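Each chain is listed here by its residues.
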Amino acid sequence: MKGDQDALLFLAFACDQDGYERYVFEVAGIDPQRVWDWVVGKLSTTCPEEKPETKLQALRLSYGLSLKELSRRVGVSATFLGQLERGKKRASPATRELLAQHFNVPEHELFDPEGYARKGGNE
């Protein structure tokens, strides 16, 4: 099962790229969006349900946004947003303001004074 999930995650990554991997799909006559939709469907049925780690993640999920979509909306990389959500990185004051404005909530609800996302996404 773990190997299958790894393969699906790799395929999802390949479909989601704008470079070489996407080109390979197109040359092979495969619609990357169809593959992406299939992979997302498979992952949602094979991966255990994850509980939000932080209020930021819970809020994003409640809006039905992927990291990639939120990244596009606020102009911050999806990788960095994921690290923020897991409490691995600190957000700058500007990033905190962008995210709080996007979700129309006070910054202090999403971030602690040091810029880390507040725990308690399951509340």
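Residues numbered from 1 in each chain as written. Predicted model: local features only at pLDDT ≥ 70, side-chain atom pairs only at ≥ 80, totals over all residues. Heavy atoms only, no water.

## A look at helix α6 (residues 78–85)
Looking at α6, one finds that the buried residues are Leu81, Gly82, Leu84 and Glu85. Buried residues of α6 fall within an arc of 160° about the axis and therefore sit on the same side. Immediately beyond the C-terminal end of α6, within one or two residues, lies Gly87, with a positive phi of roughly 75°. (Buried < 20%, exposed > 50% of the residue type's maximum accessible area, 1.4 Å probe, protein only. Helix = DSSP H or I, 4+ residues; strand = E, 2+ residues; numbered from the N terminus. Arc of directions from axis to C-beta.)

## Considerations on the pattern of salt bridges
In the structure shown here, the tally under the stated rule is 3 salt bridges. Between Glu85 and Arg60 there is a salt bridge, with its nearest N and O atoms 2.5 Å apart. Of the two residues, Glu85 sits in helix α6 while Arg60 sits in helix α4 (residues 55–62), which places them 25 residues apart along the sequence. Accessibility classification places Glu85 together with Arg60 in one group, the buried group. Linking Arg73 and Glu69 is a salt bridge whose minimum nitrogen-to-oxygen distance equals 2.9 Å. Residue Arg73 and its partner Glu69 are both found in helix α5 (residues 67–74); the two are separated by 4 residues, about one turn of the helix. (Salt bridge = Lys/Arg side-chain N within 4 Å of Asp/Glu carboxyl O.)

## Notes on the environment of Pro93
Counting through the fold element by element, Pro93 comes out in helix α7 (residues 93–103). In this structure Pro93 comes out as exposed when scored by relative accessible area, which is 54%.

## Some remarks on α7
Restricting attention to buried positions, one finds in α7 the residues Thr95, Arg96, Leu99, Ala100 and Phe103. Viewed end-on, α7 has its buried residues packed into an arc of 130°, placing them on one side of the element. Exposed side chains of α7 directed beyond 90 degrees from the buried face belong to Pro93, Ala94 and Gln101. For α7, the elements touching its buried residues are α4, α5, α6 and α8 (107–110). (Contact = heavy atoms within 4.5 Å.)

## Considerations on the confidence of the model for the protein
Overall, the predicted model of the protein reaches an average pLDDT of 76, with 58% of residues at or above 70. No element of the protein has a lower mean pLDDT than helix α1 (residues 2–15), which averages 58, and none a higher one than α7, which averages 93. (pLDDT = per-residue confidence, 0-100.)

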